[in-house]
Amino acid sequence: MKNFIHEDFLLQTDAAKELYHGHAKMQPIIDYHCHLNPEYIANDHAFDNLGQIWLEGDHYKWRAMRTNGVDERYCTGKDTSDWEKFEKWAETVPYTMRNPLYHWTHLELKTAFGVDKLLNPETAKEIFDHCTDLLRTPQFSARGLMKKFKVEVVCTTDDPADNLEHHLSLKKENFDIKVLPTWRPDKAMAVENPQEYRAYLEKLSAVSGVTISRFSDLIEALRKRHDFFAAVGCKLSDHGIEEFYAEPYTQAEIEQIFNKVYGGKELTKEEILQFKSAMLYEGAVMDWEKGWTQQFHYGAIRNNNTRLFNKLGPDTGFDSIGDFNTAKAMSRFFDQLDKDNRLTKTIIYNLNPKDNDLIATMIGNFQDGSVAGKMQFGSGWWFLDQKTGMEAQMNSLSNLGLLSRFVGMLTDSRSFLSYPRHEYFRRILCNLIGNDIEQGLLPASEMKFLGEMVEDISYRNAKQFFKF
């Protein structure tokens, strides 16, 4: 019997195997969106053990463990050892069958550590010790893992007020893997809490050197930070939004709204939407001026569990897919930028699969022939970065756009062990195309072109699109 993760994992046809092994497998990785800690890269962080690198901050695993009846102290507890947490994770893994965590877990064990055994309570200690021994060697440090997976470029996620000291250190060192910042101005739009917003503005004012007391000051401060990010090598922005914002507003109205929230007063729902609309537009113009790519991750409803949010904070596993009617606002937003000739390269990631066809058709409205695939339907994100989600996204893109111009996969992860998600994606991509060939839906005589297309989606499209 074959090991579970073997060389032809997920590859169901001879054509799929040829596409993967002959074209996709050897491509380097451009990880153009992730949440890795740049300090870990700058300091070449060494991980103490498998539990630390695997479970620290991983809300995917925490959700599964809670569902399996594991007490919270084994997920986020401060007084619980890494081994105790790992042991509870190992107990949970067999119950994750048919959840993508089962695939990811064993693919990471095999690809990173050469482990063929299934993780369960009986194998937990052996696997923990084996992987921990490897993690304590230079080849399995933060940088060692990046080199092992043939990573060329990493784009982290950074707030405009960040000093980017670790990116600057890596740039000065001329580290052979590019580690670039990504502009994530979400806090500059977060006017729901006036006190928190005023505190953020004070922080932004301090780092930009701009005294912020009016909306125009805010834009000036952000422009200075935008310039600074560009000087460090930034080429992308990213926005984590519930929905797109394109409410009508005048400049006078935005100034009044800013004055109101700056003075500590709560805004109405309409005022919040107007302000976010103005901020989204102003940010898009800055990106266009520099030729950056703007990314929009939309559709999450966050922090649903108030009790545990108050106890544990954000990004701890209490977010879900939202249900927003955003097509009209999205259309207005892009249309206004297009009318003003200020629409830059764009990637849209949706979280609700019901919107797949919506996004695939929306991007077609604003392709202008200036860049191949200027408007991109981003890969399956968060709850959708699994086999079914990836296939659905690629099928929608294929049916209503050009899969061949797709910029491919990213990790969107905080873990240095998440790079096998690129392998997972590439296997799924090759299987999708390979099955079409076997069924006569694509010509076997065009295998050379299809092989090049797989290489493009896996690597070259991103390299050309972002111009790193």
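This one's a predicted model, so the numbers in the text were calculated from it and none came from an experiment.

1. Notes on empty space enclosed by the protein
In step 1: All chains considered together, the criterion is met by 4 cavities of 30 Å³ or more.
In step 2: As a volume, the largest cavity reaches approximately 70 Å³.
In step 3: Trp183, Pro185, Met189, Ile219, Leu222, His239, Met279, Glu282, Gly283 and Met286 are the residues that line the largest cavity.
In step 4: Elements with a contribution of two residues or more to the lining of the largest cavity: helix 11 (215–232) and helix 13 (269–290).
In step 5: For the lining of the largest cavity, the element with the highest residue contribution is helix 13, accounting for 4 residues.
In step 6: Residues of the lining of the largest cavity, tallied by class, amount to 7 nonpolar, 2 polar and 1 charged.
In step 7: Its boundaries defined by the atoms lining it, the second largest cavity holds a volume of some 40 Å³.
In step 8: Lining the second largest cavity, in full, are Tyr349, Ser379, Gly380, Trp381, Asp385, Met409, Leu410, Thr411 and Asp412.

2. Examining the pattern of salt bridges
In step 1: Enumeration according to the criterion identifies 27 salt bridges in this entry.
In step 2: In this structure, Glu91 and Lys88 form a salt bridge, with 3.7 Å as the shortest nitrogen-oxygen distance. Remark: Lys88 and Glu91 occur in helix 5 (residues 82–92); sequence separation between them is 3 residues, near one turn of the helix.
In step 3: Residue classification places Lys88 among the partly exposed positions, given a relative accessible area of 23%.
In step 4: A salt bridge links Asp129 to Lys125, with the shortest nitrogen-to-oxygen separation between them at 2.8 Å. Within this pair, Asp129 and its partner Lys125 are both found in helix 7 (residues 124–135), separated by 4 residues, close to a single helical turn.
In step 5: Classification of Lys125 by relative accessible area gives partly exposed; the value is 43%.
In step 6: Connected via shared salt-bridge partners are Arg184, Asp186 and Asp238.

3. Observations regarding the environment of Leu403
In step 1: Tracing the chain through its elements places Leu403 in the loop between helix 17 (387–400) and helix 18 (420–438).
In step 2: A residue is classified by how much of its surface remains accessible, and Leu403, at 8% relative accessible area, is buried.
In step 3: Contacts of Leu403, omitting those with residues within four sequence positions, involve Met394, Leu397, Ser398, Leu429, Met453 and Ile457.

4. What about the sheet that holds strand 5 (residues 293–298)?
In step 1: Taken together, 4 strands build an open sheet; the order of strands is 4-5-8-9 and the sheet is parallel. Only two strands of the sheet have a single neighbouring strand rather than two, namely strand 4 (236–241) and strand 9 (375–377). Each adjacent strand pair in this sheet contributes to an overall mean axis angle of 15°, direction not counted.
In step 2: Pairing between strand 8 (residues 345–350) and strand 9: 3 bridges, direction parallel. Bridge pairing in strand 9 places Ile348 opposite Phe377.
In step 3: The strands that helix 19 (residues 447–466) touches are strand 4, strand 5, strand 8 and strand 9; relative to strand 8, the one it contacts most, it runs at about 130°.

About the criteria used
- Residues numbered from 1 in each chain as written.
- Predicted model: local features only at pLDDT ≥ 70, side-chain atom pairs only at ≥ 80, totals over all residues.
- Heavy atoms only, no water.
- 1 Å grid on protein atoms, 1.4 Å probe; cavity = no way out; pocket = protein on both sides within 12 Å on 5 of 7 lines; lining within 4 Å.
- Points joined across faces, edges and corners; volume = space filled by probe spheres on them.
- Helix = DSSP H or I, 4+ residues; strand = E, 2+ residues; numbered from the N terminus.
- Nonpolar A, V, L, I, M, F, W, Y, C, P; charged D, E, K, R; others polar.
- Salt bridge = Lys/Arg side-chain N within 4 Å of Asp/Glu carboxyl O.
- Buried < 20%, exposed > 50% of the residue type's maximum accessible area, 1.4 Å probe, protein only.
- Contact = heavy atoms within 4.5 Å.
- Pairing = 2+ DSSP bridges.
- Axes fitted to C-alpha atoms, helices over the stretch in contact; angles between N-to-C directions.

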